[in-house]
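# Structural characterization, general
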Amino acid sequence: MKKTKNGGQIRSWLDERFGLSSVTQFLKNKSIPQHKHTIWSYTGSAVLLFFVIQVLTGFMLIFYYKPILEEANASVARIMTEVPLGWILRSVHSWSATFMIAFIFVHLLSIWINKAYRRPREGTWMTGVLLLFCSLGFGFTGYLLPWDALSFSATKVGTDIPRAIPIVGEWVTKLLRGGGDVTGDTLTRFFGIHVCILPIFLLVLLAVHVYLIQKLGMSIPLEAEKSQKKLKEIPFWPNFIYREAILWLILFGICLTVAIAFPPSLEKAADLMAPAPEGIKPEWYFLFLFQMLKIFPAKILFINGETVAVFLILLGIVLFFFLPVIDNKPDEKKGKIIKAAAFLFILYVVIMSIWSLM
Amino acid sequence: MKLKHSLFSRRQFLNGLIGGWLGAMLASLVYPVVRFIFPPYKEPDEVILLYSDYKNIFPNSVKIFPWGSKPGILKKNDDGSLMAFVGVCTHLDCNVSYMAEQRKFFCACHDGWYDEFGSNIAGPPPKPLRQLFISVEGEELIIKREEIE
């Protein structure tokens, strides 16, 4: 492509001031190794796609949503029934959240199974786990915002869980709820967390995460690393980006289709005094934890069963976060056990989730 | 520079001083933030209801009243006596309902069951429903957090 004289001038004017050529040069030289696990490299950008959709649809919803007890439910009803195309926007926001969380799980599990987190990429994994928790936080706070009976009860349960932790638990519950109970204060607080606090945390973490990926380059599979054979590579720009663009279009199409076919429902506004409706359940990605809390007995020996369950969950989180540090001998027996643990974890989550729906 | 009999150098002393000062300043900033994000919350000591609104409920049935921001449950037993509970499950705080036919309280969140006197009998609840204390003074039905003589 021939550059016009003016275009070149503008470019050099910008380059002198912002040093953009170092970035474009970097992207030109960046390449993606090709191997039989390359397909998993696309999951990260799929997450990014849904995150961008979340941000844009979130901007739209904020124009009409009212985060106070008396109006929250009615304002969502208005978005669904009166605002032109409001129902599609809310539906896309809700479905895109589901896709985003699903792809985060796939992304993390593929990295776990392929051991792409091994040295020196531990920091990339850890920021990734924190990004997962940020996203789950988005899901948890966003679930309450329509303020209907189901989301109200699910939030009562979710915010009461930390109470089982000795000493600090009570404070965590109060902090989340903005008081002793889930009330209008909780709704306003969750809204603030959902649209202000979590986005800032997520963007900072995302910046570190993406920086680390650029700095350290793409991980290559363990076998390829051992055989020291030079892998085929394709340029990031434009070859890989074009392939990603195809995936983005397909995923966006799927998301839009299910959003139009299956818009989320909206129940009656929550009543603080009404009994919990039957069949309450959290978002699908919390179902396995929900089922675990349900099957734990009230007492295990002389300890509160719930406390045991919560400590097991916390232990799981800590192990998950430090996985690359624990898995320090990836091609030995220990590494193989940790790989098998990934499949056991998937099996456990699937079984518990299905059980909770029965 | 460190003097012969000194425990630390001048640089260490100054670093400690500045560090301590920064720490103290940070603490004085964090304290009001922590105070701010925990709103005052107090469970009511008592609520006063109109007795006439509640005395005519049928035996083996309940009526809800607001106990702060939680539901309170007033129940009439078969012998006509009244009982009051905080109507939230002791497991994970969901609002419970009374199933009159089965003579049990039920929490739909995790399938928790209590008998008609609020004792936990099945499912995950670790404790009985919290009982409140009732007294009637003239036209007023007074429900208290603790039994006061």
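Reference entry: report on the structure contained in this document. Note that the coordinates shown come from a computational prediction; the quantities given were computed from them, not determined experimentally.

So, on to the packing of helix α6 (residues 122–144) of chain A against helix α9 (residues 184–216) of chain A. Residue and element names in this part refer to chain A. Between α6 and α9, the least distance of the axes is 9 Å, while the angle of their chain directions is 160 degrees. Classed by the angle they form, the pair α6 and α9 counts as roughly antiparallel. Crossing hand, α6 versus α9: left-handed. The class makeup of the residues in the contact of α6 with α9 is 17 nonpolar, nine polar and no charged.

Here the focus is the interface of chain A and chain B. For an interface, size is often stated in terms of accessible area lost upon the parts coming together. Contacts between chain A and chain B engage 30 residues on the former and 26 residues on the latter. Every element with two or more residues in the side of chain A that touches chain B is listed here: α7 (149–160), α8 (169–177), α12 (287–295) and α13 (305–321) of chain A.

A separate point is the sheet that holds strand β9 (residues 131–137) of chain B. Residue and element names in this part refer to chain B. Judged by pairing direction, the sheet is antiparallel, and its six strands sit side by side in the order β1-β10-β9-β4-β3-β2 without closing on themselves. Strands with a single pairing partner mark the edges of an open sheet, and in this sheet they are β1 (46–50) and β2 (61–67). Within this sheet the neighbouring strands show an average axis-to-axis angle of 30 degrees, counted without direction. In terms of strand pairing, strand β3 (residues 70–76) meets strand β4 (residues 82–86) through five bridges, oriented antiparallel. Looking across to β4, one finds that Gly72 is bridged to Val86.

Residue and element names in this part refer to chain B. With respect to topology, four strands assemble into an open sheet ordered β5-β6-β7-β8, the strand pairing being antiparallel. The open sheet is flanked by β5 (97–99) and β8 (120–122), the only strands paired with a single partner. For this sheet, the mean angle separating the axes of adjacent strands, direction not counted, is 40 degrees. Note that strand β6 (residues 104–107) and strand β7 (residues 112–115) share four bridges and pair antiparallel. Residue pairing for β7: Phe106 is matched across the bridge by Trp113.

Rules used in this analysis
Residues numbered from 1 in each chain as written. Chains lettered and ligands numbered in written order. Predicted model: local features only at pLDDT ≥ 70, side-chain atom pairs only at ≥ 80, totals over all residues. Axes fitted to C-alpha atoms, helices over the stretch in contact; angles between N-to-C directions. Helix = DSSP H or I, 4+ residues; strand = E, 2+ residues; numbered from the N terminus. Parallel < 35°, antiparallel > 145°, perpendicular 65-115°, else oblique. Left-handed = near helix turned anticlockwise from the far one by under 90°. Nonpolar A, V, L, I, M, F, W, Y, C, P; charged D, E, K, R; others polar. Contact = placed C-beta atoms within 7 Å. Pairing = 2+ DSSP bridges.

Scope: geometric values only; no functional claims are made or implied.
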